[in-house]
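Each chain, letter by letter, is given below.
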Amino acid sequence: MYDVIVVGGGVAGAASAALLAREGLRVLVCDRTPLPAPAVSTHFFGPTTLAFLDRLGVLDEVLATGAPPLRRWHLEVEGGYYGAPMLPRSPYHYNLCVRRETLSGVLLRAASRYGAEIRERSAVRSLTWDGDQVVGIEGAGWSEKAKIVVGADGRGSATARQAGAAMTFDAGAMRCTFHAYWEDVVPLPSPALELWHDSGHLLQVGPCDGGRWVIMLSAPVAEYAALRGDEGYERLLRSIPAMADRLRTARRVSPVYAGKSLRNFHREPAGPGWRLAGDAYCHKDPLFGAGITDACAAAESLAATVPLAVDGDTPQARESYATTLDERVGRKVRAGLAGLRIAPPEPGQLAWIRGVLAHPGLALEMTRRCSELFAGLPEDRRDFWQRVADGASEVLGLPPAASVNPS
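Below or above, wherever it landed, is the structure these notes cover. (Residues numbered from 1 in each chain as written. Predicted model: local features only at pLDDT ≥ 70, side-chain atom pairs only at ≥ 80, totals over all residues. Heavy atoms only, no water.)

## Section: the packing of helix α1 (residues 11-22) against helix α2 (residues 47-56)
Geometry of a packed helix pair, given as the angle between the helix axes and the separation of the axes.
Next up, step 1: Packing of α1 against α2 brings their axes to within 11 Å, and their N-to-C directions diverge by 40°. With respect to each other, α1 and α2 are oriented oblique. Between α1 and α2 lies a crossing whose hand is left-handed. Judged by residue contacts, Ala15, Ala18, Leu19 and Arg22 of α1 engage Phe52, Arg55 and Leu56 from α2.
Next up, step 2: Partitioning the contact of α1 with α2 into residue classes produces five nonpolar, no polar and two charged. (Axes fitted to C-alpha atoms, helices over the stretch in contact; angles between N-to-C directions. Helix = DSSP H or I, 4+ residues; strand = E, 2+ residues; numbered from the N terminus. Parallel < 35°, antiparallel > 145°, perpendicular 65-115°, else oblique. Left-handed = near helix turned anticlockwise from the far one by under 90°. Contact = heavy atoms within 4.5 Å. Nonpolar A, V, L, I, M, F, W, Y, C, P; charged D, E, K, R; others polar.)

## Quick word on the pattern of salt bridges
If the charged atoms of two oppositely charged side chains come close together, the side chains can form a pair.
Next up, step 1: Applying the stated criterion across every chain yields a total of 24 salt bridges.
Next up, step 2: Across the pair Arg263 and Asp170 runs a salt bridge, and its minimum N-O distance is 2.8 Å. Remark: Asp170 occurs in strand β11 (residues 167-173) and Arg263 occurs in strand β18 (residues 263-267); sequence separation between them is 93 residues.
Next up, step 3: Accessibility expressed as a relative area gives 42% for Asp170, which makes it partly exposed.
Next up, step 4: Its salt-bridge partner being Lys284, residue Asp294 comes within 2.9 Å of it at the nearest N-O pair. Highlighted residues: Asp294 in helix α9 (residues 291-309) and Lys284 in the loop between β21 (282-283) and α9, separated in sequence by 10 residues. Accessibility classification places Asp294 together with Lys284 in one group, the buried group. (Salt bridge = Lys/Arg side-chain N within 4 Å of Asp/Glu carboxyl O. Buried < 20%, exposed > 50% of the residue type's maximum accessible area, 1.4 Å probe, protein only.)

## Some details on the pairing of strand β2 (residues 27-30)
Next up, step 1: In β2, alternate side chains face the same way, and those of Val27 and Val29 on one face and Leu28 and Cys30 on the other are all buried.
Next up, step 2: One ladder, built from four bridges, connects strand β1 (residues 2-7) with β2; its direction is parallel. Paired with Ile5 across the bridge in β2 is Leu28.
Next up, step 3: Sheet topology places β2 next to strand β7 (residues 117-119); three bridges connect them, and they run parallel. (Pairing = 2+ DSSP bridges.)

## What about the nonpolar core?
Next up, step 1: If you look at the biggest cluster of nonpolar residues, it comprises 77 residues, and the most contacted ones within it are Val4, Val27, Phe45, Leu53, Leu103 and Leu107.
Next up, step 2: Top contributing element to this core by residue count: α9, with 10 residues.
Next up, step 3: If we ignore the near neighbours within four places in the chain, the residues touching Leu53 are Phe45, Val58, Leu59, Val62, Leu103 and Leu107.
Next up, step 4: By size, the runner-up hydrophobic cluster in this structure holds 22 residues, among which are Ala180, Leu217, Ala219 and Tyr233. (Core = buried A, V, L, I, M, F, W, Y, C linked by side-chain atoms within 4.5 Å.)

## Looking at the layout of surface pockets
Next up, step 1: Here the second largest pocket defines a volume of roughly 1,000 Å³.
Next up, step 2: Residue lining of the second largest pocket: 42 residues in total, with Ala39, Ala152, Asp153, Gly154 and Arg155 positioned closest to the centre.
Next up, step 3: Taken together, the elements giving at least two residues each to the lining of the second largest pocket come down to α1, α4 (100-113), α5 (158-163) and α9.
Next up, step 4: Here the element with the most residues in the lining of the second largest pocket is α5; it accounts for three residues.
Next up, step 5: The residue inventory of the lining of the second largest pocket, partitioned by class, reads 18 nonpolar, 16 polar and eight charged. (1 Å grid on protein atoms, 1.4 Å probe; cavity = no way out; pocket = protein on both sides within 12 Å on 5 of 7 lines; lining within 4 Å. Points joined across faces, edges and corners; volume = space filled by probe spheres on them.)

## Some remarks on the side chain of Glu194
Next up, step 1: Turning to its location among the elements, Glu194 is positioned in strand β13 (residues 192-198).
Next up, step 2: Look past the residues within four positions of Glu194 in its chain and what remains in contact with it is His74, Leu188, Leu203, Gln204, Val205, Trp213 and Arg246.

## Comments concerning the sheet that holds β11
Next up, step 1: An order of β11-β18-β21 is seen for the three strands of this open sheet, with the pairing classed as antiparallel. With partners counted over all chains shown, the strands left at the sheet margins are β11 and β21, one partner each.
Next up, step 2: Taken together, the two bridges between β18 and β21 define a ladder with antiparallel strand orientation. Bridge pairing in β21 places Phe265 opposite His283.
Next up, step 3: Along the sheet, helix α10 (residues 315-337) contacts β11, β18 and β21; its crossing angle with β11, the most-contacted strand, is approximately 35°.

The structure is reproduced here in structure tokens:
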């Protein structure tokens, strides 16, 4: 009998297993694939995740992968650009860009060191029940019992489906995503987190572990067929003059990983004997760059609530986890999607955008003060724009945004 079985060995599952095992629980991780495994996702994470990795005792191991600290950000919009250092907002005033399989591997090794059992190539076929309580899992010719089963098996979670987890928010698919790994990309003078916007296409670009670069392309879903496959992805990248210049000596060294039906949703996260974490609970488009941070938030929420549930999973224990997870993950996703629209700028806006980006002082001041422009809005819209401004400041490493509170 295990205290906890974690289904899925990605970032959410591995981080959860590490924390729960560190709490002294008997933990099993099962995954149908060889571990660690790649994933279609953003690869960037910043101070919140860096602090988590440090608390877990693995930050030095992550840094040893060769992923350079990104202490600057670089914004390229419709041919104009602006770059600046990430200003200190915590002891971790930089970002990292790490392949998912590399980060998962670090976390799985930590889970193993803390005593968790890792079982790869072990597909879970079904949950097992005692009345309405989940009490374990079954595979092909094997079964295991547990006091709590955690589904960390991705956005298509079989755990969630078999547990009957209700969909509590669904905004549908907004974008399609492609990413691949490259070598010999022409670097910037200093490593940076690069965000590009070109004719409605969004790019996230950065040097990652193993001497490679990741280039993620986000496009409208309607363009999926045209961009699917190696040629469409590369053709679009090389059609952007500044990107073509960066790729003049580069070569792609991986397949192009594609995702089309990337729905933005979250589910009921807890029931008798089961919990959901990571994308199994809440999936959002990779362009938000929040997947890794939210996976770590779920792991910490599990570690704070599950040890009390292994002696008897009560409604209060389930509600505690659900409330904590909604506060740390679900609410942010709902707010981030509210009123979000990504479209090419109007022709008349281009000169203005390039002018602002070309003036560092003006660009910084606008980022710090933009929220003041919305002080006259109704309270609910002020709250929305405050969250937008605060989020932009955090992602870009800028000083805190001004408050829209008129008082």
